[in-house]
Amino acid sequence: GEDVEQSLFLSVREGDSSVINCTYTDSSSTYLYWYKQEPGAGLQLLTYIFSNMDIKQDQRLTVLLNKKDKHLSLRIADTQTGDSAIYFCAERTAGTASKLTFGTGTRLQVTL
Amino acid sequence: GAVVSQHPSRVICKSGTSVKIECRSLDFQATTMFWYRQFPKKSLMLMATSNEGSKATYEQGVEKDKFLINHASLTLSTLTVTSAHPEDSSFYICSAQGPNTDTQYFGPGTRLTVL
């Protein structure tokens, strides 16, 4: 079955880099996503990576995918207080159309 | 970018009543809409997938007679929680997907509190 795990909490100082990790079990994942959820709000798609890629950069965001270890990470450079939120990774597996399986979410706290 | 709205954003109702939540895609046609439920400090759980004009596909363990989903047009899907009970209190989030894309765009969510 599908299982996506994340650490629950991460605290970083403003200006530092944040690295949020995610592990998944389904080797047939086709796309992996990172979403951001601010308090009381829905999910905002931040970025995604196709399963045959190792790295994707998008401004302050860097996604690393280790398909062998089924490990995904999101690095946020120069973390700002506005980055404080819950970050969810999600995977989409082959044959399930657009069905997404979400991780448990990591709460990022940015301190001054 | 693609915008998805939900209404209401917050609703409080008495036990035994029914509540309808609307999900609208504002600037694109959503051929598929998804309904999720999120418990406090937990992840999103997919409840059902609905394609315009056809019956929704429910995930295992989700009661289709309790959570009625209608996707009558390409811009609107509704979720009706029938005979609501306190354990139905949760944050309900919809997402919408247009044709020829696999990207889901999420609504802002509806917080349901059943007294």
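You'll find the structure just up there.
Not measured: the values here are computed from a predicted model.

Chemist: Which residues make up the sheet that holds strand E3 (residues 18-24) of chain A, and what values go with them?
Modeler: Residue and element names in this part refer to chain A. What the five strands build is an open sheet, ordered E1-E3-E8-E7-E6; its pairing is antiparallel. Either end of the sheet is taken by a strand with one partner, and the two such strands are strand E1 (4-6) and strand E6 (55-58). Each neighbouring strand pair of the sheet contributes to a mean axis angle of 15°, computed without reference to strand direction. Sheet topology places strand E7 (residues 61-66) next to strand E8 (residues 71-76); six bridges connect them, and they run antiparallel. Opposite asparagine 66, over in E8, you have histidine 71 as the bridge partner.

Chemist: Give a detailed account of the side chain of A:Ser73, specifying residues and quantitative values.
Modeler: Here A:Ser73 is to be found in strand E8. Discounting chain neighbours no more than four positions away, the residues touching A:Ser73 are A:Val19, A:Ile20, A:Asn21, A:Trp34, A:Thr62, A:Val63 and A:Leu64.

Chemist: Can you lay out the state of the cysteines for me, pointing to particular residues and giving the numbers?
Modeler: Residue and element names in this part refer to chain B. Here the structure, examined in full by the defined rule, presents two disulfides over all chains. For cysteine 23, the disulfide goes to cysteine 94, at an S-S distance of 2.0 Å. Measuring the twist about the S-S bond at about 80°, one finds the cysteine 23-cysteine 94 disulfide to be right-handed. Here the residue cysteine 23 occupies a position in strand E3 (residues 19-25), and cysteine 94 occupies one in strand E9 (residues 90-97), the gap between them amounting to 71 residues. One exposure class covers both cysteine 23 and cysteine 94, and it is buried. A disulfide-free cysteine, cysteine 13 has its sulfur positioned 18 Å from the sulfur of cysteine 94, the nearest such atom.

Chemist: Which residues make up the interface of chain A and chain B, and what values do they have?
Modeler: Contact residues are listed per partner, giving 17 residues for chain A and 18 residues for chain B. Summed over both sides, the interface of chain A with chain B buries roughly 1300 Å², with 54% coming from carbon and sulfur. Applying the counting rule to chain A against chain B returns one salt bridge. Run the count over chain A and chain B and you get four residue pairs in polar contact (both at pLDDT 80 or more). Elements represented by at least two residues in the side of chain A that touches chain B include exactly strand E4 (29-37), strand E5 (43-50), strand E9 (85-93) and strand E10 (100-102) of chain A. If you tally residues by element for the side of chain A that touches chain B, the top one is E4(A), at three residues.

The rules behind the values
Residues numbered from 1 in each chain as written. Chains lettered and ligands numbered in written order. Predicted model: local features only at pLDDT ≥ 70, side-chain atom pairs only at ≥ 80, totals over all residues. Heavy atoms only, no water. Pairing = 2+ DSSP bridges. Helix = DSSP H or I, 4+ residues; strand = E, 2+ residues; numbered from the N terminus. Axes fitted to C-alpha atoms, helices over the stretch in contact; angles between N-to-C directions. Contact = heavy atoms within 4.5 Å. Disulfide = S-S within 2.5 Å. Buried < 20%, exposed > 50% of the residue type's maximum accessible area, 1.4 Å probe, protein only. Buried area = accessible area lost by both parts, 1.4 Å probe. Salt bridge = Lys/Arg side-chain N within 4 Å of Asp/Glu carboxyl O. Polar contact = N/O pair within 3.5 Å; in protein donor to acceptor, adjacent residues only side chain to side chain.

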